[in-house]
Amino acid sequence: MRHIPNIISVLRILLVVPIAMALSDQQLALSIFLFAIAAASDAVDGFLARRFGWQSELGGILDPIADKLLLATAFVTLSFLKLVPLWLMAAAVARDVIIVSGAAAYRIFIGRLTAHPSLISKLNTLCQGAFIVAVLSRAKFSLPPEWLVTWLGALVFVMVVVSGFDYVLVYGRRAAAA
(Lines give C-alpha, C1' and ligand atoms only; values in the text may rest on other atoms or scores of the structure.)
Protein backbone atom coordinates (compact mmCIF):
# COMPACT_ATOMS: atom_id res chain seq x y z
CA MET A 1 0.00 0.00 0.00
CA ARG A 2 2.85 2.38 0.78
CA HIS A 3 3.81 2.44 -2.92
CA ILE A 4 0.45 3.84 -4.08
CA PRO A 5 1.70 7.48 -4.17
CA ASN A 6 4.70 6.40 -6.30
CA ILE A 7 2.43 4.46 -8.66
CA ILE A 8 0.22 7.55 -9.01
CA SER A 9 3.30 9.68 -9.80
CA VAL A 10 4.41 7.17 -12.45
CA LEU A 11 0.91 7.25 -13.97
CA ARG A 12 1.13 11.07 -14.05
CA ILE A 13 4.44 10.79 -15.90
CA LEU A 14 2.83 8.36 -18.36
CA LEU A 15 -0.01 10.86 -18.94
CA VAL A 16 2.46 13.41 -20.30
CA VAL A 17 2.61 11.75 -23.74
CA PRO A 18 -1.18 11.50 -24.28
CA ILE A 19 -1.56 15.09 -23.08
CA ALA A 20 1.13 16.29 -25.49
CA MET A 21 -0.48 14.33 -28.33
CA ALA A 22 -3.95 15.70 -27.56
CA LEU A 23 -2.56 19.23 -27.38
CA SER A 24 -0.63 18.79 -30.63
CA ASP A 25 -3.76 17.51 -32.36
CA GLN A 26 -5.66 20.44 -30.83
CA GLN A 27 -8.08 18.08 -29.12
CA LEU A 28 -8.63 20.69 -26.45
CA ALA A 29 -11.51 19.05 -24.57
CA LEU A 30 -9.49 15.83 -24.25
CA SER A 31 -6.45 17.89 -23.23
CA ILE A 32 -8.42 19.59 -20.46
CA PHE A 33 -9.76 16.24 -19.25
CA LEU A 34 -6.34 14.54 -19.21
CA PHE A 35 -4.63 17.54 -17.64
CA ALA A 36 -7.31 17.69 -14.93
CA ILE A 37 -6.73 13.99 -14.15
CA ALA A 38 -2.98 14.61 -13.94
CA ALA A 39 -3.45 17.64 -11.69
CA ALA A 40 -5.84 15.75 -9.42
CA SER A 41 -3.38 12.86 -9.21
CA ASP A 42 -0.75 15.27 -7.92
CA ALA A 43 -3.02 16.28 -5.07
CA VAL A 44 -4.02 12.68 -4.33
CA ASP A 45 -0.49 11.24 -4.22
CA GLY A 46 0.68 14.04 -1.95
CA PHE A 47 -2.28 13.62 0.36
CA LEU A 48 -1.84 9.85 0.60
CA ALA A 49 1.89 10.11 1.23
CA ARG A 50 1.44 12.62 4.05
CA ARG A 51 -1.74 11.16 5.56
CA PHE A 52 -0.49 7.59 5.84
CA GLY A 53 3.24 8.25 6.17
CA TRP A 54 3.94 6.70 2.77
CA GLN A 55 6.67 9.19 1.86
CA SER A 56 9.73 7.65 0.26
CA GLU A 57 12.98 8.76 -1.30
CA LEU A 58 11.69 7.52 -4.67
CA GLY A 59 8.49 9.51 -4.22
CA GLY A 60 10.54 12.60 -3.42
CA ILE A 61 12.10 12.21 -6.87
CA LEU A 62 9.10 10.97 -8.90
CA ASP A 63 6.61 13.61 -7.77
CA PRO A 64 8.61 16.70 -8.77
CA ILE A 65 9.74 15.01 -12.01
CA ALA A 66 6.11 14.30 -12.87
CA ASP A 67 5.13 17.91 -12.11
CA LYS A 68 8.00 19.38 -14.11
CA LEU A 69 7.46 17.09 -17.11
CA LEU A 70 3.74 17.75 -17.16
CA LEU A 71 3.96 21.53 -16.83
CA ALA A 72 6.94 21.96 -19.15
CA THR A 73 5.32 19.81 -21.83
CA ALA A 74 2.09 21.76 -21.57
CA PHE A 75 3.86 25.15 -21.70
CA VAL A 76 6.07 24.19 -24.65
CA THR A 77 3.20 22.67 -26.64
CA LEU A 78 0.85 25.57 -25.91
CA SER A 79 3.59 27.99 -26.92
CA PHE A 80 4.02 26.20 -30.26
CA LEU A 81 0.25 26.47 -30.73
CA LYS A 82 0.56 30.22 -30.02
CA LEU A 83 -1.77 29.92 -27.02
CA VAL A 84 0.94 30.86 -24.49
CA PRO A 85 3.49 33.61 -25.14
CA LEU A 86 7.01 32.40 -25.84
CA TRP A 87 8.48 34.55 -23.04
CA LEU A 88 6.17 32.98 -20.44
CA MET A 89 6.95 29.46 -21.61
CA ALA A 90 10.67 30.28 -21.52
CA ALA A 91 10.41 31.64 -17.96
CA ALA A 92 8.49 28.60 -16.68
CA VAL A 93 10.82 26.09 -18.34
CA ALA A 94 13.98 28.02 -17.38
CA ARG A 95 12.93 27.97 -13.72
CA ASP A 96 12.62 24.19 -13.80
CA VAL A 97 15.90 23.77 -15.68
CA ILE A 98 17.66 25.92 -13.07
CA ILE A 99 16.12 23.93 -10.20
CA VAL A 100 16.97 20.54 -11.73
CA SER A 101 20.50 21.67 -12.65
CA GLY A 102 21.05 23.03 -9.15
CA ALA A 103 19.79 19.80 -7.58
CA ALA A 104 22.06 17.73 -9.82
CA ALA A 105 25.08 19.92 -9.02
CA TYR A 106 24.30 19.73 -5.30
CA ARG A 107 24.07 15.93 -5.50
CA ILE A 108 27.31 15.62 -7.47
CA PHE A 109 29.46 18.09 -5.53
CA ILE A 110 27.99 18.09 -2.04
CA GLY A 111 25.98 14.93 -1.49
CA ARG A 112 22.50 13.70 -0.83
CA LEU A 113 19.80 16.29 -1.28
CA THR A 114 16.51 16.15 0.57
CA ALA A 115 14.21 18.57 -1.14
CA HIS A 116 11.14 19.90 0.57
CA PRO A 117 8.92 21.97 -1.69
CA SER A 118 8.09 25.30 -0.13
CA LEU A 119 4.62 26.78 0.06
CA ILE A 120 5.60 29.28 -2.65
CA SER A 121 6.63 26.40 -4.92
CA LYS A 122 3.33 24.61 -4.33
CA LEU A 123 1.46 27.84 -5.09
CA ASN A 124 3.52 28.21 -8.26
CA THR A 125 2.50 24.72 -9.40
CA LEU A 126 -1.15 25.49 -8.60
CA CYS A 127 -1.01 28.80 -10.53
CA GLN A 128 0.64 27.15 -13.54
CA GLY A 129 -1.98 24.40 -13.58
CA ALA A 130 -4.85 26.90 -13.28
CA PHE A 131 -3.35 29.01 -16.07
CA ILE A 132 -3.01 26.01 -18.40
CA VAL A 133 -6.61 24.97 -17.75
CA ALA A 134 -7.76 28.56 -18.30
CA VAL A 135 -5.83 28.81 -21.59
CA LEU A 136 -7.27 25.53 -22.83
CA SER A 137 -10.79 26.42 -21.70
CA ARG A 138 -10.53 29.84 -23.33
CA ALA A 139 -9.37 28.28 -26.62
CA LYS A 140 -12.09 25.60 -26.58
CA PHE A 141 -15.08 27.27 -24.92
CA SER A 142 -14.25 31.02 -25.01
CA LEU A 143 -14.32 30.99 -21.21
CA PRO A 144 -12.94 32.38 -18.93
CA PRO A 145 -12.70 35.96 -20.22
CA GLU A 146 -9.46 37.01 -21.89
CA TRP A 147 -8.61 39.45 -19.07
CA LEU A 148 -8.64 36.60 -16.55
CA VAL A 149 -6.32 34.47 -18.68
CA THR A 150 -3.98 37.46 -19.03
CA TRP A 151 -4.11 38.09 -15.28
CA LEU A 152 -3.36 34.42 -14.56
CA GLY A 153 -0.44 34.58 -17.01
CA ALA A 154 0.98 37.58 -15.16
CA LEU A 155 0.49 35.79 -11.84
CA VAL A 156 2.31 32.72 -13.21
CA PHE A 157 5.24 34.89 -14.27
CA VAL A 158 5.48 36.49 -10.81
CA MET A 159 5.21 33.09 -9.10
CA VAL A 160 7.85 31.58 -11.42
CA VAL A 161 10.29 34.36 -10.59
CA VAL A 162 9.59 34.41 -6.85
CA SER A 163 9.64 30.61 -6.42
CA GLY A 164 12.74 30.35 -8.60
CA PHE A 165 14.60 32.86 -6.43
CA ASP A 166 13.32 31.09 -3.33
CA TYR A 167 14.81 27.79 -4.48
CA VAL A 168 18.13 29.41 -5.42
CA LEU A 169 18.39 31.21 -2.07
CA VAL A 170 17.34 28.27 0.12
CA TYR A 171 19.47 25.66 -1.58
CA GLY A 172 22.32 28.10 -2.17
CA ARG A 173 22.46 28.65 1.61
CA ARG A 174 22.42 24.88 2.20
CA ALA A 175 25.26 24.43 -0.27
CA ALA A 176 27.29 27.22 1.35
CA ALA A 177 26.71 25.70 4.80
CA ALA A 178 27.82 22.27 3.59
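Residues numbered from 1 in each chain as written. Predicted model: local features only at pLDDT ≥ 70, side-chain atom pairs only at ≥ 80, totals over all residues. Heavy atoms only, no water.

Colleague: Summarise the nonpolar core; cite the residues concerned and give the values.
Modeller: Judged by nonpolar contacts, the single largest core of 31 residues is most densely connected at Phe-75, Val-84, Phe-131 and Ile-132. Among the elements of the structure, helix H1 (4–24), helix H2 (28–52), helix H3 (57–80), helix H4 (86–109), helix H5 (119–141) and helix H6 (146–177) are those that each provide at least two residues to this core. Element by element, the count of residues in this core is highest for H5, at six residues. In this structure Val-84 touches Phe-75, Leu-78, Ser-79, Met-89, Phe-131 and Val-135, once residues within four positions along its chain are discounted. (Core = buried A, V, L, I, M, F, W, Y, C linked by side-chain atoms within 4.5 Å. Buried < 20%, exposed > 50% of the residue type's maximum accessible area, 1.4 Å probe, protein only. Helix = DSSP H or I, 4+ residues; strand = E, 2+ residues; numbered from the N terminus. Contact = heavy atoms within 4.5 Å.)

Colleague: Lay out the environment of Ser-137 in plain terms, naming residues and giving numbers.
Modeller: Assignment of secondary structure puts Ser-137 in helix H5. Of the residues examined, Ser-137 reaches a relative accessible area of 15% and is grouped as buried. With 108 residues separating them in the primary sequence, Ser-137 and Ala-29 have C-alpha atoms 7.9 Å apart. The residues contacting Ser-137, other than those within four sequence positions of it, are Ile-32, Ser-142, Leu-143 and Pro-144.

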